[in-house]
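Below are the chains, spelled out letter by letter.
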Amino acid sequence: MKILTRHVEAEFVVKGSKFLSELFSCESQADARNIVKSQKIKYSDSTHVVHAFVLGLSGEILGMSDDGEPSGTAGRPALDVLKGYGCTNVVLTITRWFGGTLLGTGGLVKAYGDGAKQVLLTAENLSAFEEYVEKKEFLFAADYTSYQMIKRILANFSVSDLSEEFGTEVKVSGKIKSDEFDLLSRKIKDISNGKIIL
């Protein structure tokens with residue numbers, strides 16, 4: 001499964017109606033609801049803010065809404081494209097400003113499906129997806145001498161979002177691949193003679 005690493009958007013026009021497709025990274029259904037809610041507030045002048053989301057380690061949590069478009073013509077085609085892409089922890093919103101010409105059910109299905117495809121293609125071109133790897137957060141505090149040794153060890157692990165806070169001691173936090181957590185924990189414990197616990 002792939003996860004999104006940054007916000008991506010794509011605009012297009014169909015028979016006078018303007019569409020704006022946007023992808024957001026998301027961790028939970030509550031996050032998804034908040035994103036959709038803020039989009040509706042942000043684009044209060046729009047006619048519809050359709051959404052679809054895929055969440056969970058294997059993309060098992062799904063959701064969508066047609067937001068006033070005829071049933072099955074907007075959220076479903078967008079969700080089908082998302083599912084087919086093999087991504088998770090992502091929310092797609094497609095905002096429409098009505099341009100005066102009715103698209104009909106077939107036209108709507110095509111427009112919303114194309115909107116999902118277009119923003120995913122844009123994301124692909126921007127390298128905005130990466131393979132989903134389960135990570136654990138870690139935190140420890142160390143004296144400056146131990147920290148210098150630990151820093152060299154950290155370089156051998158898949159660590160991301162590393163944060164260091166320097167005070168009377170060094171507080172370090174970040175994320176590490178779940179399957180590397182125990183090994184890093186043991187190495188830090190060994191270096192510090194059991195004084196530093198991850």
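If you're wondering where the values come from, they're calculated on a predicted model, not measured in any experiment. (Residues numbered from 1 in each chain as written. Predicted model: local features only at pLDDT ≥ 70, side-chain atom pairs only at ≥ 80, totals over all residues. Heavy atoms only, no water.)

Counting its regular elements, the chain contains five helices and eleven strands. Whereas a compact globule of 198 residues would reach a radius of gyration of roughly 16 Å, the chain reaches 22 Å, over 25% beyond that. The dimensions of the chain, computed from C-alpha atoms along their principal axes, are 70 × 30 × 30 Å. In the chain, which comprises 198 residues, the share counted as buried stands at 43%. Long-range pairs, those at least 24 residues apart, make up 67% of the contacts in the chain between residues at least 6 apart in sequence. Summing over all exposed atoms, the chain offers an accessible surface of approximately 10500 Å²; the carbon and sulfur share of this is 50%. A distance of 1 Å separates the average location of the 24 positive side-chain charges in the chain from that of its 26 negative side-chain charges. (Helix = DSSP H or I, 4+ residues; strand = E, 2+ residues; numbered from the N terminus. Rg over C-alpha atoms; globule rule 2.2 N^0.38 Å. Buried < 20%, exposed > 50% of the residue type's maximum accessible area, 1.4 Å probe, protein only. Contact = heavy atoms within 4.5 Å. Areas by Shrake-Rupley, 256 points an atom, 1.4 Å probe, with all protein chains shown as cover. Lys, Arg positive; Asp, Glu negative; His and termini not counted. Charge placed at Lys NZ, Arg CZ, Asp CG, Glu CD.)

Right, let's talk about helix H4 (residues 144-154) for a bit. What H4 keeps buried is the set Ser146, Tyr147, Ile150, Ile153 and Leu154. The buried residues of H4 occupy an angular sector of 115 degrees when projected down its axis, which confines them to one face. Relative to its buried face, H4 has exposed residues pointing more than 90 degrees away, namely Thr145 and Arg152. Residues of H4 that are buried in the fold lie against strand E9 (135-142), strand E10 (159-166), strand E11 (170-177) and helix H5 (181-191). The N-capping residue of H4, defined by a side-chain oxygen 3.1 Å from the backbone nitrogen of Thr145, is Asp143. (Arc of directions from axis to C-beta. Polar contact = N/O pair within 3.5 Å; in protein donor to acceptor, adjacent residues only side chain to side chain.)

Our next topic: the pattern of salt bridges. In the structure shown here, the tally under the stated rule is seven salt bridges. Across the pair Asp80 and Arg76 runs a salt bridge whose closest N-O atoms are separated by 3.7 Å. Remark: Arg76 and Asp80 occur in helix H2 (residues 75-85); sequence separation between them is four residues, near one turn of the helix. What makes Asp80 partly exposed here is its relative accessible area of 37%. (Salt bridge = Lys/Arg side-chain N within 4 Å of Asp/Glu carboxyl O.)

The pairing of strands in a sheet comes from backbone hydrogen bonds and takes either a parallel or an antiparallel form. Read across the sheet, three strands follow the order E6-E1-E8 without closing on themselves; strand pairing throughout is mixed. Every interior strand has two partners, whereas the edge strands, strand E6 (87-88) and strand E8 (129-131), have only one. Pairing of strand E1 (residues 2-4) with E8 involves three bridges; the strand directions are antiparallel. Note on E8: the bridge partner recorded for Leu4 is Phe129. (Pairing = 2+ DSSP bridges.)

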